[in-house]
Amino acid sequence: MRIVQMVDLSQELYHNCPVLPDFEPPKLDYLLVGARDGWTLERITMNLHSGTHMDAPAHLGDFALTLDRIPVERFQGKALYIPLSHKRQGEPIAADDLQPYTDRMDDETVVLLYTGWGEKRGWSKEWVYGSPYLSNDAARLLVSRGIRGVGIDHFSIGGTGEENEETHRILLGAPVWVAEGLQLNEPALLEGDWHVMAMPVKIRDSSGAPARVVAFRTEG
């Protein structure tokens, strides 16, 4: 078996890149500069839920499971790409939107919710506050199908409105890991069988961590 195609689903992390509006954006400093010092060495200061990242159940204080304690084999699975770019600004992703795909959901499935908001990433009110989001009922549907993980192309799978906390609670309490801040505008994901691997930085007792998330197809 060999990999025949690989797609990076991660967003770039950089100085002052867009993040949740309640927190300071990442700060990148150069401690050493190659032309001057002979070495280049950077330092980044940020919260662990910046850029492309993953949430553990411990992200909500009443769940104890931290990201470093989830077995590493759980961070991969069969990709189920769901195109939702027709959703309007601020519109919830409803259970009815996901129902046609439920026969492809099981314990090995990683659901990828493509809203188109990854391409809008920037410091705008539309991107920060206007994304489509996973509703509570849709989150319950995913949990009822026993999926392994779910990702979305915005910094919060539950948006920024009143359903956000409960959507997180439903998923993370299952527990279903959540990947946020993805880049999913890849038409190739609509065809063929894809596999997803989401590898968070291994940080002790972490509620979340930056991650590199990729999808790939194999043959043979």
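Residues numbered from 1 in each chain as written. Predicted model: local features only at pLDDT ≥ 70, side-chain atom pairs only at ≥ 80, totals over all residues. Heavy atoms only, no water.

J.: Run through the packing of aromatic side chains, naming residues and quoting values.
T.: Centre distance and the angle of the planes are the two values used to describe a pair of aromatic rings. Tallying each qualifying case throughout the model produces 3 aromatic pairs. An angle of 15° between the planes, with centres 5.9 Å apart, marks the rings of Tyr81 and Tyr114 as stacked. Pair noted here: Tyr81 is in strand β5 (residues 76-83) and Tyr114 is in strand β7 (residues 109-114), with a separation of 33 residues, a long-range link. The class of Tyr114 is buried, set by a relative accessible area of 12%. Arranged with centres 5.2 Å apart and planes meeting at 65°, the rings of Trp127 and Phe155 form a pair that is edge-to-face. With Trp127 in helix α3 (residues 125-129) and Phe155 in the loop between β9 (149-152) and α5 (164-172), the pair connects residues that are 28 residues apart, well separated along the chain. (Phe/Tyr/Trp six-rings, centres within 6.5 Å; stacked < 30°, edge-to-face > 60°. Helix = DSSP H or I, 4+ residues; strand = E, 2+ residues; numbered from the N terminus. Buried < 20%, exposed > 50% of the residue type's maximum accessible area, 1.4 Å probe, protein only.)

J.: Describe the environment of Leu65, with residues and values.
T.: Assignment of secondary structure puts Leu65 in the loop between β4 (53-55) and β5. Residue Leu65 is classed as partly exposed on the basis of its relative accessible area of 26%. Leu65 has contacts with Ala56, Pro57, Ala58, Ile70 and Pro175, leaving out every residue within four places of it along the chain. (Contact = heavy atoms within 4.5 Å.)

J.: Give a detailed account of the packing of helix α4 (residues 136-144) against α5, specifying residues and quantitative values.
T.: Following both chains from N to C, one finds α4 and α5 inclined at 5°, their axes separated by 9 Å at the closest point. In terms of axis orientation, α4 runs roughly parallel to α5. Listed contacts from α5 to Asn136, Ala139, Arg140, Leu142 and Val143 of α4 are Glu166, Thr167, Ile170 and Leu171. Residue classes in the contact of α4 with α5 are distributed as 5 nonpolar, 2 polar and 2 charged. (Axes fitted to C-alpha atoms, helices over the stretch in contact; angles between N-to-C directions. Parallel < 35°, antiparallel > 145°, perpendicular 65-115°, else oblique. Nonpolar A, V, L, I, M, F, W, Y, C, P; charged D, E, K, R; others polar.)

J.: Residue-level account of α5, with values.
T.: Buried residues of α5: Thr167, His168, Ile170, Leu171 and Leu172, and no others. Contacts made by the buried residues of α5 are with β4, β8 (133-134), α4, β9 and β10 (177-180).

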